[in-house]
Amino acid sequence: MMTNSTDLSWFPMRATYSRELLIKSELDRLGIECFLPLKSCWVKKGMGEELRQVPAVHNLIFVHSSQQRLTELKRSCSQLEPLRYMTRPSTHDNGQVIIRIPDAQMSAFLRLSSLAADERIVFFENMQFVSKPGPRVEITQGDFAGIIGEVKRIKGLRCVAVCVEGVAAVGIMDVPNSQLHYLDERKQKPQN
């Protein structure tokens, strides 16, 4: 399906020089829907530490807009100039294509990311590990019912990972096998 530069899409974008929070603030001020995955982290302050919300994935923000509007804003608003489109190789030629995230994928990612305070939620930095194929499953019970992802093993624990176009991933740790419905008929359910 061809997309137009005026179609609304979710764009993963790089926010250079760790300016994610400033860019989010400016997008919020302009009324542009965006999402910045955050996690809680202890940060040194003076002689002690304080718990702060910090970006979960360095230099990454998701923006819901049209490509045309984003490009105009990047040119006209100095606070948004540091935003960079993320691209992947084109399947038709040797060029690059701006990445757009399908709504269903972004919806699952948003749902899990919004629960980042839950100890079972983890953000993945190693996209090579997450992009390795695993059995596709749907979580059928509990807080995460309806989430579709791939099973990964991390330190011996079963994790269901939701990957967004090879850009970012979030996972749910230690999901019981009894809560999983395997979508790939060729793959046998693992024991335990």
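Residues numbered from 1 in each chain as written. Predicted model: local features only at pLDDT ≥ 70, side-chain atom pairs only at ≥ 80, totals over all residues. Heavy atoms only, no water.

Visitor: What's the story with the sheet that holds strand E9 (residues 121-124) in this structure? I'm lost.
Guide: With antiparallel pairing, 6 strands are arranged side by side in an open sheet as E9-E13-E12-E11-E10-E14. The strands lining the two open edges of the sheet, one partner per strand, are E9 and strand E14 (180-182). Neighbour to neighbour, the strand axes of the sheet diverge by 40° on average, direction disregarded. The pairing of strand E10 (residues 136-139) with strand E11 (residues 148-154) spans 3 bridges and is antiparallel. (Pairing = 2+ DSSP bridges. Helix = DSSP H or I, 4+ residues; strand = E, 2+ residues; numbered from the N terminus. Axes fitted to C-alpha atoms, helices over the stretch in contact; angles between N-to-C directions.)

Visitor: Looking at this structure, I do not really get the sheet that holds strand E5 (residues 60-66). What am I missing?
Guide: Strand pairs in the sheet, formed through backbone hydrogen bonds, run parallel or antiparallel to each other. Read across the sheet, 4 strands follow the order E2-E5-E1-E6 without closing on themselves; strand pairing throughout is antiparallel. Each edge of the open sheet is held by one strand with a lone partner, namely strand E2 (33-35) and strand E6 (83-85). Along the sheet, successive strands turn relative to each other by an average axial angle of 40°, direction set aside. Packed onto the sheet, helix H2 (residues 67-76) meets strand E1 (8-15), E5 and E6 and runs at close to 115° relative to E5. Here helix H3 (residues 103-113) sits on the sheet and contacts E1, E2 and E5; the angle it forms with E2, its principal contact strand, is near 60°. (Contact = heavy atoms within 4.5 Å.)

Honestly, it's all geometry; don't read function into it.
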